[in-house]
Amino acid sequence: KRVGVLISGSGTNLQALIDKTQDPASNMGCEIVVVISNKKDVEGLKRAERAGIPTKVVSHTDFKSREEFDMACHSILETERVDIVCLAGFMRILSGPFVRLWRGRMLNIHPALLPLFKGTHAQKQALEAGVRISGCTVHFVEEDVDAGAILVQKIVPIKHGDTEETLQERIKTVERDAFPEGLKMVANGVVYLDLSTNRLVWRD
Ligand SMILES: Nc1nc2ccc(CNc3ccc(C(=O)NCCCC(=O)O)cc3)cc2c(=O)[nH]1
Ligand SMILES: N[C@@H]1O[C@H](COP(=O)(O)O)[C@@H](O)[C@H]1O
């Protein structure tokens, strides 16, 4: 399977996907063929270049509408014959038409245990809520933000004195395993999203 990864920043999740997909022993059943960023000069682009993966920058400021930006990304993904899209620290909300084109073939990783703490600053939300555990969620992408069917979740403890940064760091240590795990399952057909029932179907 051919994978396209959308990023906006540091790309630590992208790096985890690169390391696993480029390691034959991981048996991921997929390869990253293109990385698209909506921001230029971000660390994630350097990570892709170091790994020999083609990169594209699509600046959302170059487009009159959200849909036009999304379709510019879509045409790159089509050209590269991408089968699965991964949102790895991608910080733009995607429009309905784009999500419908990729429904059941697009994954996101969120730094909290959905359905809790949707949206941005999830780590801050967890700290303010006073919960004692948090973690990350790998899910299919639906138009309704952070609401898609959940594939993988991993938990971390929240410790006294944690800040947004210390918690984000601890969550990232489990993200690096969670995202490749979720991608591998989808790439190998272990699980798929039944588009009519919106339910996950597991092949046991
Ligand atoms: N339709 C759809 N698209 C998404 C795009 C990105 C992410 C990643 N997680 C994200 C979740 C929330 C945001 C957000 O609220 N950003 C501030 C507004 C930025 C903007 O104006 O675009 C960004 C990424 C998830 C989704 C999703 O679940 N569904
Ligand atoms: N999706 C969220 O965006 C953050 C930044 O990711 P990255 O750019 O370092 O991969 C990560 O914490 C991830 O959960």
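Quick summary incoming for the structure in this document. Quick caveat, the model's predicted, so the values are computed rather than measured. (Residues numbered from 1 in each chain as written. Chains lettered and ligands numbered in written order. Predicted model: local features only at pLDDT ≥ 70, side-chain atom pairs only at ≥ 80, totals over all residues. Heavy atoms only, no water.)

### Considering the sheet that holds strand β4 (residues 84-87)
This is how the line gets drawn: Pairing between strands is defined by DSSP: at least two bridges between them are needed. The numbering of helices and of strands both runs from the N terminus, where a helix is a DSSP run of H or I of at least 4 residues and a strand a run of E of at least 2. The angle between two axes is taken between their N-to-C directions and runs from 0 to 180 degrees, where each axis is a line fitted to C-alpha atoms and a helix contributes only its stretch in contact. Only heavy atoms enter the contact rule, under which two residues are in contact if any of them lie within 4.5 Å.
Taken in spatial order, the seven strands make up an open sheet running β3-β2-β1-β4-β5-β6-β7, and their pairing is mixed. Sheet topology places β3 (55-57) and β7 (150-157) at the edges, where each strand pairs with a single neighbour. Going from strand to strand, the sheet's axes swing by 20° on average, the running direction of each strand aside. Of the strands in this sheet, β1 (2-7), β2 (31-37), β3 and β4 are in contact with helix α3 (residues 66-79), which crosses β2 at around 160°. In the packing of helix α6 (residues 164-187) onto the sheet, contacts are made with β1, β4, β5 (106-110), β6 (133-140) and β7, and the angle to β7 comes to roughly 160°.

### Topic: the site of ligand 1
Rule in force here: If even one non-hydrogen atom of a residue comes within 4 Å of a molecule or strand, that residue is called near it. Under this definition, polar contacts are N or O atom pairs within 3.5 Å; protein pairs additionally need one hydrogen-donor-capable and one acceptor-capable atom, and for neighbouring residues in sequence, both atoms have to be side-chain atoms. Note on areas: these come from Shrake-Rupley sampling with a 1.4 Å probe, and a residue is covered only by the protein chains present in the view. Nonpolar residues are Ala, Val, Leu, Ile, Met, Phe, Trp, Tyr, Cys and Pro. Charged residues are Asp, Glu, Lys and Arg, and all others, Gly as well, are polar.
Among the 17 residues in the neighbourhood of ligand 1, the closest are listed as Arg66, Arg92, Ile93, Glu142 and Asp146. In this structure, an oxygen atom belonging to ligand 1 sits 2.8 Å away from a main-chain N or O atom of Ile93. In the model, a nitrogen atom of ligand 1 is placed 3.2 Å from a nitrogen or oxygen of the Glu143 main chain. When isolated, ligand 1 has an accessible area of 630 Å², and the protein chains bury 82% of it. A per-class count over the shell around ligand 1 returns eight nonpolar, four polar and five charged.

### Topic: the site of ligand 2
Around ligand 2 sit Ser10, Gly11, Thr12, Asn13, Gly89, Ile109, Pro111, Gln168, Lys172 and Glu175, and those are all the residues in its vicinity. Contact between ligand 2 and Lys172: an oxygen atom at 2.8 Å from a side-chain N or O atom of the residue. Burial of ligand 2 by the surrounding chains reaches 89%, relative to a free accessible area of 370 Å². With three residues, α6 is the largest single contributor of residues to the shell around ligand 2. Of the residues in the shell around ligand 2, the class split is two nonpolar, six polar and two charged.

### Looking at the packing of helix α1 (residues 12-21) against helix α2 (residues 43-50)
Heads up, the condition is: When an angle is under 35 degrees it counts as roughly parallel; over 145 it counts as roughly antiparallel; between 65 and 115 it counts as roughly perpendicular; any other value is oblique. Take the far helix as your reference; a near helix turned counterclockwise from it by less than a right angle gives a left-handed crossing, and one turned clockwise gives a right-handed crossing.
Packing of α1 against α2 brings their axes to within 9 Å, and their N-to-C directions diverge by 15°. Looking at the two axes, α1 sits roughly parallel to α2. You can see that α1 and α2 cross each other, and the crossing is right-handed. For the pair formed by α1 and α2, the contact residues are Thr12, Leu14, Gln15 and Ile18 on the first element and Gly44, Arg47 and Ala48 on the second.

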